[in-house]
Structure formats: structure tokens, C-alpha cells
Amino acid sequence: MAAYDVIFVGGGPAGYTGAIRAGQLGLNVACVEFRGSLGGTCLNVGCIPSKALLQSSEFFHHAQHKSAEHGIKYQKVEFDVAQMMKRKDGIVSSLTKGIEGLFKKNKVTYIKGKGTFVNANTIKVATMDGSVEEHTAKSFVISTGSTPIELKAIAPFDGKDIVSSTEALCFEKVPEHLVVIGAGVIGLEMGSVWLRLGSKVTVIEALDRVLPPMDAAVSAEMKKILEKQGMEFMLSTKLTKAEKSGKKVKVTAERDGKPVTIDCDKVLVAVGRRAYTDGLGLEAVGLAPRKDGKLDVNHHYQTAVANIFAVGDVIDGPMLAHKADEEGVAVAEIIAGKPGHVNYEAIPNVVYTWPEVASVGMNEEEAKAKGLNYKTGKVPFMANGRARAFGETDGFVKIIADAKTDRIIGAHIIGPNASELIAELVIGVEFSASAEDIGRSSHAHPTLAEVMKEAALAVDKRSLNF
Amino acid sequence: MFKVSREVIDTMAVDVKMPNVGESVQEGVIHKWRFKSGDFVNRDDVLVELETDKATVEVVAESSGAIEIIKKQGETVAIGEVMARIDTSATAPAGGAKPAAAPAPSAVPITPPAPPTVTAAPPAPPPVTQASSMPLSPAVRRMTEEHGISPGSVHGTGKDGRITKGDVIAHMEGGAPATAPSPAPAMMRASVPAGVRTERREQMSLLRRRIAERLVHAQETAAILTTFNEIDMSNVMKIRNDYKDKFKEKYGVGLGFMSFFIKAAVEALKTYPAVNGWIDGNDIVYHDFYDIGVAVSSNRGLVVPVIKDADHLSMAELEMAVGDYGKRARDGKLSVDEMTGGTFTVSNGGVFGSLMSTPILNPPQSAILGMHKIQERPVVVNGEIVIRPMMYVALSYDHRIIDGKESVSFLVKIKELVEDPTRLLVGV
Ligand SMILES: Cc1cc2nc3c(=O)[nH]c(=O)nc-3n(C[C@H](O)[C@H](O)[C@H](O)COP(=O)(O)OP(=O)(O)OC[C@H]3O[C@@H](n4cnc5c(N)ncnc54)[C@H](O)[C@@H]3O)c2cc1C
């Protein structure tokens, strides 16, 4: 007899949320995690610590560059990296402890150690204290997440100067010159942190734009704004080598077939993440990851082995914490015999630079490529009273709607608090709202959200305040 | 951005409500407002035309003032529901009020029977119409109100069956609903010359919908059979020729065929009472009065005004009633009362040239007489082929209460009376 109804392997957003939901549904559930704390990448070395540092560094940046406009003058503005890190670590540990509390509350057994499949009903866990125990379950959910991609051949991680995001969240002092490989979300966020604290930041990107998955208009605006803040971009540039040379790191790249070299202090390789199944013993149950490391699942998150499921970063879809936890909940419900469902069209995507970027649904290029007939409405924050009062007028809201049905098929925000603003449009997409629905809903005045209403009205070319 | 706080306006507001127009009428559809919001209306101005399943009804203003229209054209309103408000504190503009459309000449306005409710201000915001229990999104609310679409009739493809704006658009185009969850793909179309294969959809009027329902209902419940006969119209035509001028001179109406048929029908009904009765549950209701419905066409569909107590009316009175009903049916001015009741119906398909047809019962009635076109045909009379003006007649009847023998005899009786109208006089 299997001891558990279900065991989640991996305690990140996918695993811990799914385990809690399974507990709520009355299943006998356990969660295996070998990191030493729950919350996975997101809480320990991802979303949360990065946001803590982004907030601290933005406050410093504001004091330095933006407060004078408000008539606020500081004699001397200083920062203390150690205190920033301490604050960040405090947030992380209180949140991860919080999950342990939630586990108790929802009767989830927390098994500390690395899990390896023995067979489709048994997992062996090498516990933290060195012992090995076996646990059986009717079902398993693989929620082992992802890990930074390492460019082993040209820029192997050394844990100190050529690093991943994990280390870039813990630099003890501000690097003089930081080179970021990859102009994606993590690259721009971490680049922003150190730029604000005084680093010279150079971003090398192989493609010809920043934030490749975002709407082209947003990408262009983002680059312009970050350049204004002092970030340097080398687009259409391919890294060829990063290696220690004395105290410095020598970075060589290729642009238009010509080599470029940069001497810097640190290199952050942020070229993406790969699904992580190392040491999981997939071969013992007859599963193999795809070439890109991901596991294939059906729409019930079932792998080729019927009682083994997989959710989160380890399967297809955007590598996002909220996507992972939606899937965790859905898979728990499916295992409990209920209909679990994730609406992939209504998953927001946020970049926490300043201004922030947020989107949901399709971007204009995708709409075009699909041959959709669409209309767009785009309104800048400059026209908004609250943005003016805030002193943050960079950016715009762009809404893309079906030309015929007016249904919102995509929304893109670059601007102050975009991360919070997008929620309204996510609900809209979730409920198949038309642009007119947003345009006819009352928005408090003055708020940044009014720009979304105006953009919705602009879809029909009838914005009132722009 | 500049915002004004809503001023509290102290007004005397008089509600304009959907009047109670007849016992069987529950609701109406706003056919046309003669004014628009903000217009000044004078007491007794016709404000709005309502279409019910029975008749078109006009509602007049009970007070003068500025009108605020709450229910738009095409919306359905229940009895007593507020359709508009008149702000009686408004003063008439110089030069008087201009109605949006000139009132039709012979209007028969129905004044709401209920006394006007005068509410002390401030007026409540206009109520949100919600025909379906699920709240509507703002755009869907706007579109359904604007186009008079009942949300219940729209197929919702949104989350949990909610109606999206695209669904309303699809509904209006009559096409398939926009499919969820993926946005409607661009329409791939072979190039068709514009205007060649279009189709048009219009919402059925309440009247048309009711006619449709009743016809189907009749077909489903009654055991309808039709019996035919033919009538030699020579004598009637001779009488008409002989007296038409005198008749016209005296009564101001032409002497038509209808009066002969109605007279004949009344006599036949007296002889065969079941034809004038109907089924009510397990009972048969016999009527000892003769209310004859006369089917007339109007541009809104077939309507059947009823000539009450036809047995007491002279030929002239019958012709006058038929003429008056016909005209008012075309103008949409028949009242609900005039179209209710009826124990038997006469329908003249002949005016459109029909040679033969099987009329459908007008429930709960049990029989209907169909008249047709008069056509000169060779017939054999006393062993000789002669040319006579002939008319086929049909009697559709509910076999549940009328036997074959009765129905055939009934029609033969009509035939005899019309072929020899002296019988009507003599009473044989
Ligand atoms: C710097 C950074 C910033 C980010 N910021 C955001 C953000 O702002 N918003 C956002 O939505 N996403 C963000 N992400 C992405 C987000 O962290 C991931 O999408 C999310 O954590 C995925 O959740 P998961 O549960 O699938 O995997 P993970 O969070 O990676 O969790 C997997 C867990 O499984 C454990 N594990 C693996 N194998 C085993 C095993 N065999 N036995 C036991 N345990 C095992 C791992 O230790 C890990 O804790 C960020 C990521 C990074 C790196």
C-alpha cells in the first residue's frame, strides 16, 4: 500500500502550491525538497530577492535623481549594500518559513532531501542528514523547476566573477563594470539593480532588440529609457568568450563579423534557464527529458507514465512563478478527480525594471503573423494626471483588440507600476472582455489605471483625454 | 483632468409607464419614440408607439415638460415599467415643442389608466435592464440596449457562458458565435462580388412572433381537417350589380361579398353550434353569441379583428365594420380589445388571388372559413355546360369536436345560402 496519495518532487511555486491544494482536497500528500528551504527558485533566488533589491536600489536612485524635482534635497545620499542584502535575506527567510507553516496547516508532509525515482510508485530520498529513505505514493508530480543555463564552453560559471542570477543577487560590493549577457527579463532586472547602485552596465544581446518576447513598441521604448538611465546596449552581438584575466574579466564578442573586447569586473550570464531533472532518476521509470530538458505532458499534465505528472518550469510554457503555481493547483485538482484548468491566454508577464513592463496575450507581431484582423489603441502616461503628479511619465499602454469582435487579444504596458496595472486587463482577457468593456468601466480619478481606460477607448479612436 | 461632481437637481418627475392595454397583454416593444431625450413635450402629445403581440398602442403625455427616455427603441417593456420620465419643472422653449416625427393622422391614443406617479426628486438613476440573470459586461449592455436584443437570446461563449461583445455582434449578423477561447481568426473568403450573396436578418416583431407561436400551437394541439366546396356566385353578383349604387348612396360603403358570407356563416353556425364552440380542457364551450373574426392583412402580419354580435348587424353594418377594420389594420391602429375574442373566423385569401387553400385555426376557435378568388369556370347546370363565376371555399375545423358530417353540412349550408341569398331572408 502506497503511503501517500501524491508526492510532489520539488518545493517551488509549482510544488508547494500544488501540495497545499492537494492537502486542502483531503489527499495524503508530501513534498520533497533538497534546497533546505521551501519556495524554490522564486522565493530563494528568483522573484522575491530580485524584487527586494530592485526596490532598494530604486529608492536610492530616486533619492539621487528624482527627489530634487519634488523639492526634496538630501545633503548626502548613501547606501549600504550589506544592509540591502540583509533586508533581502530577511524577506526570503520569513517567506520560506511561512510556507512551512502553510504545510502544517494543510497537512502536507515536508520531506527534506533529494528525491530519485526507484520505480513509478517509489522515490528514494537522500536526506540532509545523510540517510536514505524510501517513500511510496499512488501519484507523483515532478515540480523540479529550472536552473540557469551555463555557457560551459565560452563562459563557464566560476561562482565569483562569471556568474548566474543567483550570485548576482548577492554581490558583496558594487562591481565597477558589469557585463550582462542577454537582454531578457533577468538580465535587465539585475542589470538595473547594479546600474542604480553605480555600476557601469553593458548588456550584450545576440538579437537586435531587448526583451525579445515583448511587443516591439515596448522593446524599443524600454531600450530608450534604460539608455537614458545609463545602461549600454550592444545588440546583434554574440558573446564569444568570457575569461578571467588578472583581476578583471575579459569579454570578447562579435558584432557585424568584427570582434569587440571589454574588460570588466563581473559577467552575469542571463541567457535563459533550462528545465532541471538532474539526479531525478527518470530512467528508472522509463521517462526521458526532451533535448531542451523539458518533460512532455498531456493536457492533464500527465507524463508518458500515467501516474507521474509534471508542472512548472520543467514543462513547456513561460517560466513564470504564477504559471507554475496555477499548474500546481490544477494538477492537484486533477489528481483529486476534479477538473483542473489553466488558461494560458491570460497569464501576465512582467519585467520589474523602472518603468515596469507588463503584458498579457499576444503582441502585435504575433497577431500579425497569425493573420488576425486587429485594432490597437496606444496612450502615453504623459497624458495622465496621476503620472504627472507621480513624476513618472515614461511609457504607454497599448491594447490590441480584434477588429471585428473588439475582444482584447493583447495588452502591453510600459510605465510606472505596470506590474499592478496589468491585473485589470488579465481579468479582462480571462472574461473575454472587449476593449469597449474596459472603456466603459469607471476608473478612479486620478489614477494610472485611467491610461488603460483611455487606451481601450483609443482602440475605437475615441479616447477622451488624449 | 477635470471632473464635475454630479449636481443634485431638484425636479418634479412624472413617470411614463407602459400602460395596461388589455388583459392578455404582458409586455410590449418600443416601436418608435416621437421625441428624443431633452425634448419638451406638451400634455397629450403622442410620445411613443408600442407594439404588443396584439396591437400597436400609442401613449400620450400626461404632463408637459422635458422628457428623458429610459427605454430605447426595440426594448421590451413590461406593463407598468417606466419608459421615460417627464421633468415637469422644465419650461417650454420659445416656439413650442417640435416632435421628432409628425404624429400620424388618425391616432387613437390610449391614455395610461394608472394615475401618474409624481416623485419628489432627485430622480433615481435609470434602472439597468437585465433580461438575463447574469450581469452583462458594459459593452454587451450597451449593444443589447442599443439594438433591442434580448440578452437571453444571445449565445454566450465567454467564461462560464457569459456573453461577450463578439457574441452580440455574431448574434446580430446571425452567424455562429465567436469561438472561445481563441480570438476569431481572420475570415478567409474566396472573393465574392459584393452584394451578390448577402443575407439580411431582422428581429421578428412581437406580433410576428406571436402569430408564429399561435399557428404552430394550433397545428400541434388541434386535429385539423379541411373540407372543400365550391359556390356559384352568380346570384350574389347579380344582387351586387343591382344594388351597389343604391347601397353606396345610402350607407357610404360598397356592398362587398364579405357581408354575404358573414350572414351565411352566422346562419350555419346557428344550425351547427359545435362549429361556434371550442374545447376547454375536458369541456366543450358552446357560444350563443356570434363574434366573427375577419382576417385582414397588415404590413405587420395577418391580424384578426372581431365583429362582435355579427348576428345583430345588418349587411350595411357588417360592410362598414369590415371596411373600418381593414383600414385601421393597415395603419396599425387596431386596439387589443378589437382583436380579442371571436368564436369563428372568416379569411378571404381571394383578395390575393388564391384559388384554394387550407386555413389554419385561430385558437381556441374550432373552425375557420376560407374564401377564395372568384373565377369564371365552365360548370354543368341541368345537363348543360355553362360559364359561371365560381369560388372554392374551404372549412378547416378541429376534428376533435366537429364531426365530418357536421363540417361538410356546415359548408354546404353556407354554399346554399350564398348561392341563393333569398334563403337568408326567408330563413330556410
Ligand atoms: C532571478 C530570477 C528572477 C525571477 N523573477 C520572477 C518574477 O519576478 N516573476 C515570475 O513569475 N517569475 C520569476 N522568475 C521565475 C520563477 O522563479 C520560476 O518560474 C519559478 O520559480 C518556477 O517554479 P517551479 O516550481 O516550476 O520551479 P522552481 O522554483 O525552480 O522550484 C523547483 C524546486 O525543486 C527542487 N528540486 C529539483 N530537483 C529536485 C529533486 N530531485 N528532489 C528534491 N527537490 C528538487 C529545487 O531545489 C527547487 O527548489 C525568476 C527567476 C529568476 C532566476
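Anything mentioned here points back to the structure above.
Notes on the structure follow. (Residues numbered from 1 in each chain as written. Chains lettered and ligands numbered in written order. Predicted model: local features only at pLDDT ≥ 70, side-chain atom pairs only at ≥ 80, totals over all residues. Heavy atoms only, no water.)

### Looking at the site of the ligand
Residue and element names in this part refer to chain A.
At step 1: The immediate surroundings of the ligand are formed by 38 residues, with Glu-33, Thr-41, Lys-51, Asp-313 and Ala-321 found nearest.
At step 2: A distance of 3.0 Å separates an oxygen atom of the ligand from a polar side-chain atom of Arg-35.
At step 3: Contacts to the ligand include Ala-321, whose backbone N or O atom sits 2.8 Å from an oxygen atom.
At step 4: Contact with the protein chains removes 96% of the 990 Å² of surface that the ligand exposes when unbound.
At step 5: Listing elements by their share of the shell around the ligand, those giving two or more residues are helix 1 (13–24), strand 2 (29–33), helix 2 (40–45), helix 3 (47–66), strand 3 (108–119) and helix 8 (321–335). (Near = heavy atom within 4 Å. Polar contact = N/O pair within 3.5 Å; in protein donor to acceptor, adjacent residues only side chain to side chain. Areas by Shrake-Rupley, 256 points an atom, 1.4 Å probe, with all protein chains shown as cover. Helix = DSSP H or I, 4+ residues; strand = E, 2+ residues; numbered from the N terminus.)

### Side note on helix 2 (residues 165–173) of chain B
At step 1: Here helix 2 of chain B has its buried residues at Lys-165, Gly-166, Asp-167, Val-168, Ile-169 and Ala-170 of chain B.
At step 2: Along its buried surface, helix 2 of chain B packs onto helix 12 (435–439) of chain A together with helix 1 (138–147) of chain B.
At step 3: A positive phi of about 75° marks Gly-174 of chain B, the residue just after helix 2 of chain B. (Buried < 20%, exposed > 50% of the residue type's maximum accessible area, 1.4 Å probe, protein only. Contact = heavy atoms within 4.5 Å.)

### Quick notes on the pairing of strand 18 (residues 374–381) of chain B
Residues and elements named next belong to chain B.
At step 1: In the sheet, strand 18 pairs with strand 19 (residues 384–398) via eight bridges, with the strands oriented antiparallel. Within strand 19, the residue paired with Arg-377 across the bridge is Arg-388.
At step 2: Here strand 18 folds back onto strand 19 in antiparallel fashion, the turn holding two residues, of which Asn-382 has a positive phi close to 50°. (Pairing = 2+ DSSP bridges.)

### With respect to unusual backbone geometry
Residue and element names in this part refer to chain A.
At step 1: Along the chain, Trp-354 connects to Pro-355 via a cis peptide bond; the corresponding omega equals -5°.
At step 2: In this fold, Pro-355 is placed in the loop between strand 17 (349–351) and strand 18 (356–361).
At step 3: Pro-446 follows His-445 through a cis peptide bond whose omega is -5°.
At step 4: In this structure, Leu-211 takes a positive phi of about 40° despite not being glycine.
At step 5: You can see Leu-211 is positioned in the loop between strand 9 (200–204) and helix 7 (216–229).
At step 6: For Leu-211, a relative accessible area of 2% gives the class buried.
At step 7: Positive phi is not limited to glycine here, since Tyr-301 has a value of about 60°.

In short, geometric facts, not functional conclusions.
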